[in-house]
Amino acid sequence: MLTCLLFAPFGDSAEAENMPRVKEYRIERSMSKEAMACIQCHKKEHPGLFADWANSRHASANITCLDCHQAEEHDADVSQEHFKQYERGDNPWGSKEYRVPVAAAVTPKDCSRCHPDEAVQYSKSKHANTLEIIWKIDPWLNKGMNSDLERQAGCLYCHGTILKTKDGKLDHSTWPNVGVGRINMDGSKGSCTSCHTRHRFSVMEARKPESCGQCHLGPDHPQIEIFTESKHGDIYAAFGDDYNWNASPGTWTPGVDFRGPTCASCHMSGAGTVMTSHDVTERLSWELQAPLTVRPQDFKPLPAQSNWETERNKMKEVCMQCHGKAWVNDHYTKMDGVVQEYNEVYFKPAKAKLDELYEKGLLDKSRFFDERLEVEYYELWHHEGRRARMGTAMMAPDYAWWHGFYECKKRFNNFMEEANHLIETGQKAYVAKDYPNDTGSTKKPEEIFGGEK
């Protein structure tokens, strides 16, 4: 038996009497010497990492570092630096006997050894495929209008990098990264630790809205702000401390374990006859992030493989765990109406006018964002257009109106006024000659486009 103490015991002082008992981690089942070496080393070198693991369900199930990190020597992502530490004797056991190949980046393919269904579901989702999506719809990337460093620090931190190695280590330009669409060196996509942060891998953490709010926030997709404004968010703020966050996967039940839903409750967790899924593309009946709102199966960057009506009925069943049928149906009637008004009143006329400007040569089509009208058009759908639609879908009236349609009206009017002036006068739009930091690569990454250039 190996016993690992998390915290040093207190002395016999009065203060110690008021402190909780010393946390111990006891290994009483079989464990390889290599696994013990990992634990002993990381307990000493990274006590916070060790403490997270020791308090995890993994540790309770005797899942060790090696179960997740061990690799084959020929794998592309093996840490050569880790090998060198053992060659130098920089391990707590002082012997090459415990030298095993490990990978620094644990991938969904690694996790699939124990979580096969979750890995398959995740691989189909917009999360796992988000790099391909943004390369297809976002001119910041496909027109090269920001720098590689700006992308690394901003866009790709959430969307994910394409991992590479350099000098036997993960390349610092692609790592550290836990983006949901990270392209891993074993061919898998994503990072489970985007939501279940290492090394605790807490189901509680992933169920709380703050986990989603790491990425779903800000002017273009403010779901965490929308949720906070909504009645659901208000209930969570008032009663969240009483929720049973640690219910076993697949058993987290509305009305039993929690009063009001979080992001996970609606988009991933099971309810009624609806099964838990790690594919967040399920249960969606509109693609609200797209410039023109379409059904998920008609979203060209990543068409959903299921029927929107089937998925809507799943979401309705989740809603009806707490709401009546009339309430739920009326909500969707309102949302469908909002989608139609956004598409027909704002987006389609603006897109038609943009196309006319390009056709008449009044805007330069070779680049994007270097002319003001391109920025106005982009923000109409990417900022306030999204807020209007998402605010409606998640029942946040301030985002549907003041941050949404109210701003759409101003943006639309400014865009149309300047566009019509250019058309009437035949004057070309001003082009920013010195656009800052437009140095990013425009080459489509072969890793996500299957060799397509």
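Relevant structure appears above.
Residue positions are given per chain, counting from 1 as you read along its sequence in written order. Two thresholds apply to this predicted model, a pLDDT of at least 70 for residue-level local features and 80 or more for giving and counting side-chain atom pairs, whereas whole-chain, interface and lining totals are computed over all residues. Heavy atoms throughout the structure, all of them, feed into the side-chain values; hydrogens and water do not.

Let us now look at the pattern of salt bridges. We define a salt bridge as a contact between a side-chain nitrogen of Lys or Arg and a carboxyl oxygen of Asp or Glu at a distance within 4 Å. What the rule picks out here adds up to 22 salt bridges. For the salt bridge of Arg312 with Asp336, the shortest nitrogen-to-oxygen distance reads 2.8 Å. Placement of Arg312 in helix H18 (residues 308–319) and of Asp336 in helix H19 (residues 325–359) is noted, with a sequence separation of 24 residues between them. Owing to a relative accessible area of 25%, Asp336 belongs among the partly exposed residues under this scheme. For the salt bridge of Glu384 with Arg411, the shortest nitrogen-to-oxygen distance reads 2.5 Å. Taken together, the positions of Glu384 in helix H20 (residues 372–393) and Arg411 in helix H21 (residues 397–425) put the pair 27 residues apart, joining distant regions of the chain. Where helices and strands are cited, they refer to DSSP runs of H or I of at least four residues and of E of at least two residues respectively, numbered from the N terminus. Any residue under 20% of the maximum accessible area for its type is buried, any over 50% is exposed, and the rest in between are partly exposed; the area is computed with a 1.4 Å probe on protein chains only.

Quick look at empty space enclosed by the protein now. Lining residues are defined by having an atom within 4 Å of a point belonging to a cavity or pocket. Those points lie on a 1 Å grid over the protein atoms alone, cavities being sets where a 1.4 Å probe fits but cannot get out and pockets being open sets with protein on both sides within 12 Å along at least five of seven lines. Grid points are joined across faces, edges and corners, and a volume is the space filled by probe spheres set on the points. Tallied over the entire structure, the rule returns one cavity of 30 Å³ or more. Computed from the structure, the largest cavity encloses a volume of approximately 40 Å³. Looking at the largest cavity, the residues that line it are Ile39, His42, Leu49, Phe50, Trp53 and Cys65.

Looking at the element boundaries, Thr161 is found in the loop between helix H12 (155–159) and strand E3 (165–166). Separated by 247 residues in the primary sequence, Thr161 and Cys408 place their C-alpha atoms 32 Å from one another. By definition, residues are in contact when any of their heavy atoms lie within 4.5 Å. Sequence-distant contacts of Thr161, that is, excluding residues within four places in its chain, are made with Leu131, Leu156, Thr174, Asn177, Arg182 and Ile183.

When the centres of two rings from Phe, Tyr and Trp lie within 6.5 Å, Trp using its six-membered ring, the rings pair. Their planes under 30 degrees apart give stacked, over 60 give edge-to-face, and anything left gives tilted. With the rule as written, the count across this model stands at 21 aromatic pairs. With 4.2 Å between their ring centres and 40° between their planes, Trp252 and Phe258 make a pair best called tilted. Ring pairing ties together the aromatic residues Phe227, Tyr236, Tyr243, Trp245, Trp252 and Phe258, which thus form one cluster. The aromatic ring of Trp308 is capped on one face by Arg295, whose charged end is 3.4 Å from the ring centroid. Its guanidinium or amino end placed over the ring of Phe449, Lys444 lies 5.4 Å from that ring's centre, counting from NZ or CZ. Throughout this description, the term charge over a ring refers to an Arg CZ or Lys NZ atom that lies within 6 Å of the ring centre and within 35 degrees of the ring normal.

Criterion for a disulfide: a pair of cysteine sulfur atoms within 2.5 Å. Evaluated as defined, the whole model comprises one disulfide. What pairs with Cys158 in a disulfide is Cys215, and their sulfur atoms sit 2.5 Å apart. Looking along the S-S bond of the Cys158-Cys215 disulfide, the torsion reads about -100°, which is the left-handed sense. Here Cys215 lies in the loop between helix H14 (209–212) and helix H15 (223–229) and Cys158 lies in helix H12, a separation of 57 residues in the sequence. Cys41 forms no disulfide, and the closest cysteine sulfur to it belongs to Cys38, at a distance of 8.0 Å. The thiol of Cys212 is unpaired, and the distance to the nearest cysteine sulfur, on Cys263, comes to 3.9 Å. What makes Cys212 partly exposed here is its relative accessible area of 23%.

Under the 1.5 Å per step criterion, the end-to-end length of H19 is 49 Å for 35 residues, consistent within 8% with the ideal 51 Å. Note on bend: at a given residue it equals the angle between the axes fitted to the 7 residues ending there and to the 7 starting there. Along its length, H19 reaches its greatest deviation from straightness, about 35°, at Phe347, and the proline Pro349 lies no more than four positions downstream. Directly after H19, the chain includes Gly361, whose backbone phi takes a positive value near 75°. Expected span, for any helix, means 1.5 Å times one less than how many residues it has.

Now for the environment of Ala400. Structurally, the position occupied by Ala400 is in helix H21. Taking C-alpha positions, Ala400 is 16 Å from Phe347, a pair spaced 53 residues apart along the chain.

Here, nonpolar core refers to any group of buried Ala, Val, Leu, Ile, Met, Phe, Trp, Tyr and Cys residues whose side-chain atoms link them within 4.5 Å. In this structure, Leu357, Leu363, Leu373, Tyr377, Phe405 and Phe415 are the most contacted members of the largest nonpolar core, which totals 28 residues. Where this core is concerned, the elements lending two or more residues are H19, H20 and H21. Ranked by the residues each element gives to this core, the list is headed by H19, at eight residues. Those residues in contact with Leu357 that sit more than four places away from it in its chain are Leu362, Leu363, Leu373, Ala419, Leu422 and Ile423.

In an α-helix, one turn spans 3.6 residues, which is why side chains three or four residues apart end up on the same side. Here H20 is 22 residues long and its end C-alpha atoms lie 30 Å apart, about the 32 Å a rise of 1.5 Å per residue gives. A maximum bend of about 40° is found in H20 at Glu379. For H20, a buried count of 18 out of 22 residues is recorded, marking the element as mostly surrounded by other parts of the structure. Count one or two residues on from H20 and you reach Met395, which has phi positive near 60°.

Our next topic: the packing of H18 against H19. Look at H18 against H19: their axes get within 10 Å of each other, and the N-to-C directions meet at 130°. Relative to H19, the element H18 lies oblique. For the pair H18 and H19, the sense of crossing is right-handed. Where H18 abuts H19, its residues Arg312, Met315, Lys316 and Cys319 lie against Val328, Asn329, Tyr332, Met335 and Asp336. Gly is placed with the polar residues, together with every amino acid not listed as nonpolar (Ala, Val, Leu, Ile, Met, Phe, Trp, Tyr, Cys and Pro) or charged (Asp, Glu, Lys and Arg). Its residues assigned to classes, the contact of H18 with H19 shows five nonpolar, one polar and three charged. To obtain each axis, a line is fitted to C-alpha atoms, and for helices this fit is confined to the stretch in contact; angles are then taken between N-to-C directions over 0 to 180 degrees. Here the word oblique covers every angle except those under 35 degrees (roughly parallel), over 145 (roughly antiparallel) and from 65 to 115 (roughly perpendicular). Left-handed is the label given to a crossing in which the near helix is rotated counterclockwise from the far helix by less than a right angle, and right-handed is the label when the rotation is clockwise.

Function cannot be read off these values alone, since they describe shape.
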